[in-house]
Amino acid sequence: MTEALHIVRKDLRHLRWLLVVWLAMLAARVGFWGLGLPANSSQEYRFLLTNSTALIGSLQLLMLGFVAARLIHADSPLGWNAFWLTRPYSRGALITAKLLLAMVAFIALPLAADLVTMAMYHAGPRAQMAAASSFVPGYVTWMLLALAVAALTPSLGALVLTFVVGFTG
């Protein structure tokens, strides 16, 4: 387990600025949803708020793919120079560390942002737990999809091409 925690600390140092951008996107999403739509708001305000939240959602998907790629490609799982073939880490510790960091960044933090947003709208703990049980499978699916595609592509360019082909197809 200490080996896995060592890898997590290394990845946190390596990805610190990307994770700061990820946190800023989550905070922006909470901020925009916190603005809400008052009943007497103008059409322009509604348009701006709707498009801003949609843009942030799209940027979050792109950022999720980029952070997942950087997380996986830092210790290449593919090819003849795969990380566990050339370094003294065990495969189990490496996979545990990557999944642990991904679960915190891509499941726990967005879920916390959703719960904060729900609390701003005065949703009670019971409603938050019911909503969390429906949010978590979606976050797990997107996380595993991004990690799997990142693990199967040898570079960031191949990952981007895979996502573009996948989403346009």
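See the structure shown above.
Calculation rules
- Residues numbered from 1 in each chain as written.
- Predicted model: local features only at pLDDT ≥ 70, side-chain atom pairs only at ≥ 80, totals over all residues.
- Heavy atoms only, no water.
- Helix = DSSP H or I, 4+ residues; strand = E, 2+ residues; numbered from the N terminus.
- Buried < 20%, exposed > 50% of the residue type's maximum accessible area, 1.4 Å probe, protein only.
- Areas by Shrake-Rupley, 256 points an atom, 1.4 Å probe, with all protein chains shown as cover.
- Salt bridge = Lys/Arg side-chain N within 4 Å of Asp/Glu carboxyl O.
- Patch = residues over 30% accessible without salt bridge, like charges linked within 9 Å, V, L, I, M, F, W, Y side chains within 5 Å.
- Core = buried A, V, L, I, M, F, W, Y, C linked by side-chain atoms within 4.5 Å.
- Contact = heavy atoms within 4.5 Å.
- Axes fitted to C-alpha atoms, helices over the stretch in contact; angles between N-to-C directions.
- Parallel < 35°, antiparallel > 145°, perpendicular 65-115°, else oblique.
- Left-handed = near helix turned anticlockwise from the far one by under 90°.
- Nonpolar A, V, L, I, M, F, W, Y, C, P; charged D, E, K, R; others polar.

Enquirer: Help me understand the overall build of the chain in this model?
Expert: The helix and strand tally for the chain stands at seven helices and zero strands. Secondary structure elements of the chain, listed N to C terminal, follow the sequence α-α-α-α-α-α-α. Here the chain holds 169 residues, and the buried ones make up 34% of them. For the chain, the accessible surface area stands at approximately 10100 Å², while carbon and sulfur atoms represent 73% of it.

Enquirer: Before we go on, may I ask you to explain the pattern of salt bridges in this structure?
Expert: Close approach of charged atoms allows side chains with opposite charge to pair. Taken as a whole and assessed by the stated rule, the structure comprises three salt bridges. Note that aspartate 11 is salt-bridged to lysine 98, the shortest N-O span being 2.9 Å. Of this pair, aspartate 11 sits in helix H1 (residues 2-14) while lysine 98 sits in helix H5 (residues 91-120), placing them 87 residues apart in sequence. Relative accessible area serves as the criterion here: at 0%, aspartate 11 is assigned to the buried category. Looking at lysine 98, the relative accessible area reads 6%, which means it is buried. Between arginine 29 and aspartate 114 there is a salt bridge, and its shortest N-O distance comes to 2.8 Å. Taken as a pair, arginine 29 in helix H2 (residues 16-35) and aspartate 114 in helix H5 lie far apart in primary sequence, 85 residues in all.

Enquirer: Help me out: how do you make sense of a nonpolar patch on the surface in this one?
Expert: Taken together, the side chains of Met1, Leu5, Leu100, Met103 and Val104 make up a nonpolar region of the molecular surface, amounting to roughly 450 Å² of accessible area. Looking at which element gives the most residues to the nonpolar patch, the answer is H5, with three residues. Among the secondary structure elements, leucine 5 is positioned in helix H1. Judged by relative accessible area, which is 36%, leucine 5 ranks as partly exposed.

Enquirer: Explanation requested: the nonpolar core in the structure shown.
Expert: Note that soluble globular proteins tend to have their nonpolar side chains buried in a common cluster. Among the nonpolar cores identified, the biggest contains 30 residues, and Phe106 and Leu147 are the most heavily contacted of them. Counting residues per element, the ones that place at least two in this core are H2, helix H3 (43-73), H5, helix H6 (125-152) and helix H7 (156-168). When neighbours within four sequence positions are excluded, leucine 147 is seen to be in contact with Ala68, Leu71, Ile72, Leu99 and Ala102.

Enquirer: Would you explain the packing of H3 against H6 in this entry?
Expert: Between two packed helices, what matters for the description is the angle formed by their axes and the separation of those axes. Orientation of H3 relative to H6, taken along the N-to-C sense of each, is 50 degrees, at an axis distance of 8 Å. Classified by the angle between their axes, H3 and H6 sit oblique to one another. Along this stretch, H3 crosses H6, giving a crossing that reads as right-handed. The residues of H6 that touch H3, namely those facing Leu61, Leu64, Ala68, Ala69, Leu71, Ile72 and His73, are Trp142, Ala146, Leu147, Ala150 and Ala151. For the contact of H3 with H6, the class distribution of residues is eleven nonpolar, one polar and no charged.

Enquirer: Honestly, the packing of H3 against H7 in this entry has me stumped. Any pointers?
Expert: One can describe the packing of H3 onto H7 by two numbers: an axis separation of 10 Å at closest approach and a directional angle of 140 degrees. The two elements H3 and H7 cross, and the hand of that crossing is right-handed. Contact with H3, carried on its side by Gly65, Phe66, Ala69 and His73, involves Leu156, Leu159 and Phe163 of H7 and no other residues of that element. By residue class, the composition of the contact of H3 with H7 is five nonpolar, two polar and no charged.

Enquirer: Explanation requested: the environment of histidine 14 in the structure shown.
Expert: Within the secondary structure layout, histidine 14 lies in helix H1. Judged by relative accessible area, histidine 14 falls into the partly exposed class, the value being 40%. Taking the C-alpha atoms as reference, histidine 14 lies 8.5 Å from leucine 71; in sequence the two are 57 residues apart. Not counting residues up to four positions away in its chain, the partners in contact with histidine 14 are Arg70 and Ala74.

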